[in-house]
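Overview (structure and organization)
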Amino acid sequence: VQYAFLRTIPGLENVEIMRPAYAIEYDCLNPTQLTPALQVKHIEGLYSAGQANGTSGYEEAAAQGLMAGINAALWLQGKEPFILARSEAYIGVLIDDLVTKGTNEPYRMMTSRSEYRLLLRQDNADMRLTEKGRAIGLVKDDRWAKFTAKKAAIDEAMDMLRNTPVNPSKETQALLESLGTAPIRTGIHAYDLVKRNELSYAIVADAFGLKRYTPDVEEAVDISITYEGYIKKQMDQVDKVRKLEEKILPKEWDYTQIKGISLEAQQKLNKIRPHSIGQASRISGVSPADVSVLLIQLEQYNRNK
Ligand SMILES: Cc1cc2nc3c(=O)[nH]c(=O)nc-3n(C[C@H](O)[C@H](O)[C@H](O)COP(=O)(O)OP(=O)(O)OC[C@H]3O[C@@H](n4cnc5c(N)ncnc54)[C@H](O)[C@@H]3O)c2cc1C
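Residues numbered from 1 in each chain as written. Predicted model: local features only at pLDDT ≥ 70, side-chain atom pairs only at ≥ 80, totals over all residues. Heavy atoms only, no water.

According to the stated counting rule, one finds four aromatic pairs in the structure shown. Taking 5.6 Å as the distance between ring centres and 85 degrees as the angle between the ring planes, the aromatic pair formed by Trp253 and Tyr301 counts as edge-to-face. Of this pair, Trp253 sits in the loop between helix H10 (228–245) and helix H11 (263–272) while Tyr301 sits in helix H13 (residues 288–304); the two residues are 48 residues apart in sequence, bridging distant segments of the chain. Accessibility expressed as a relative area gives 11% for Trp253, which makes it buried. (Phe/Tyr/Trp six-rings, centres within 6.5 Å; stacked < 30°, edge-to-face > 60°. Helix = DSSP H or I, 4+ residues; strand = E, 2+ residues; numbered from the N terminus. Buried < 20%, exposed > 50% of the residue type's maximum accessible area, 1.4 Å probe, protein only.)

This paragraph deals with the domain arrangement of the protein chain. Looking at the protein chain, the domain boundaries give domain 1 (31–117), domain 2 (151–226) and domain 3 (241–304). For domain 1 versus domain 3, the distance between C-alpha centres works out to 21 Å. Every contact between the two is made by ten residues of domain 1 and, on the other side, eight residues of domain 3. Buried surface at the junction of domain 1 and domain 3, summed over both partners, amounts to about 840 Å²; 54% is from carbon and sulfur atoms. In this assembly, domain 1 and domain 3 are joined by one salt bridge. Here Asp96 makes a salt bridge to Arg282, at a shortest N to O gap of 2.6 Å. Taken together, domain 1 and domain 3 are joined by three residue pairs in polar contact (both at pLDDT 80 or more). For the side of domain 1 that touches domain 3, a count of residues per class yields four nonpolar, two polar and four charged. (Domains from an automatic or database assignment. Contact = heavy atoms within 4.5 Å. Buried area = accessible area lost by both parts, 1.4 Å probe. Salt bridge = Lys/Arg side-chain N within 4 Å of Asp/Glu carboxyl O. Polar contact = N/O pair within 3.5 Å; in protein donor to acceptor, adjacent residues only side chain to side chain. Nonpolar A, V, L, I, M, F, W, Y, C, P; charged D, E, K, R; others polar.)

It is the contact of helix H5 (residues 141–162) with helix H9 (residues 215–226), at a shortest axis distance of 9 Å, that shows an interaxial angle of 50 degrees. The angle between H5 and H9 places the two elements in the oblique class. Every pair of crossing elements has a handedness; the one defined by H5 and H9 is right-handed. From H5, Lys150, Ala153, Ile154, Ala157, Met158 and Leu161 reach across to H9, where they touch Asp216, Val217, Ala220, Val221, Ser224 and Ile225. (Axes fitted to C-alpha atoms, helices over the stretch in contact; angles between N-to-C directions. Parallel < 35°, antiparallel > 145°, perpendicular 65-115°, else oblique. Left-handed = near helix turned anticlockwise from the far one by under 90°.)

Bringing H13 into the picture now. Across its 17 residues, H13 extends 25 Å between first and last C-alpha, which sits within 8% of the 24 Å expected from 1.5 Å per residue. The complete set of buried residues in H13 reads Asp290, Val291, Val293, Leu294 and Leu298. Along H13, the residues classed as buried sweep out an arc of 155 degrees about the axis, all on the same side. For H13, exposure combined with an orientation more than 90 degrees from the buried face picks out Pro288, Ile296, Glu299 and Arg303. Among the structural elements, H11 and helix H12 (277–281) are those in contact with the buried residues of H13. (Expected span 1.5 Å × (residues − 1). Arc of directions from axis to C-beta.)

Attention now moves to the nonpolar core. Grouped burial of nonpolar side chains is what soluble globular proteins tend to show. Within the largest apolar cluster, 24 residues are counted, with the highest numbers of intra-cluster contacts made by Leu161, Tyr201, Leu210 and Val221. Listed by contribution, the elements that provide at least two residues to this core are H5, helix H7 (190–195), helix H8 (201–208) and H9. Among the elements that line this core, the one with the most residues is H5, at six residues. When sequence neighbours within four positions are dropped, the list of residues in contact with Leu210 reads Met160, Leu161, Thr164, Ala190, Tyr201, Val204 and Ala205. If you look at the next biggest cluster of nonpolar residues, it comprises 20 residues, including Leu34, Met67, Leu84 and Leu94. (Core = buried A, V, L, I, M, F, W, Y, C linked by side-chain atoms within 4.5 Å.)

This is the structure:
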């Protein structure tokens, strides 16, 4: 195949290959057959992970293996599945994409696939996920102690910055000038200084004699304060979406019987069988109007139940 292809290129009609390229081919499941907990929908207790689900890559396989393993264990214990939201982890994005949209090509977890990249940062991975890991018994005491100490330090630093007044005295203005930043007109708090692009927690703390913390704590404080406005905007979006994620759809619904949604939506919903209204809203072909109808139907269903 490689010879036939290469020799179509003008000038390479007689090309010889020293070492051919490799190619791999494998069968996989259609991942839309899986629940967000990676359970095969029609075979209770069977979980699937890795490239068998249509992905490629070490991290993709490891992430799914972890989640399928966790969920298989929870299922055996009769507990609720462990599902990470798109706004909580790249694992959430990966699995939601697979089980909601399926994939035509080996799926790779590119960061650009996440709509919440401002929240899914490396520096806050522990803050996002350690409590969840602890709740399902996967975070041991030593790691938990480190985490709670870091969290307490971040909270303490943030509180201290919010409660440390900075007055426009002569000394302060001189100090600000020496730091290469604009003078202040009214009394502010140390927090407002850290917000300035040219300043950081470390600079402000040294200048005003505040307590210093470990670099990871100071980095977390810097990022939270500098990007506060953008982060808040994204959190507001997450809150809106979360409400839809919490609306769980009944497993037994036959969507062809639901009047008022489009034929395409009926077919897609029956095929994918989404876990929640949130997941339903991400299926291509399910419009916002269809989602409104589903919301009303679900409310009626829950009331009757
Ligand atoms: C040459 C090559 C280079 C690659 N380079 C990279 C790279 O640089 N970076 C990257 O991220 N990814 C890379 N990949 C992709 C990555 O290796 C795979 O996507 C990943 O390892 C898949 O992990 P998995 O656990 O899903 O499957 P596998 O690692 O294939 O594990 C499946 C396991 O199941 C076993 N098995 C199969 N059938 C049965 C059965 N009936 N009973 C019991 N056991 C069975 C197999 O022996 C195997 O051990 C590369 C792949 C190849 C082939």
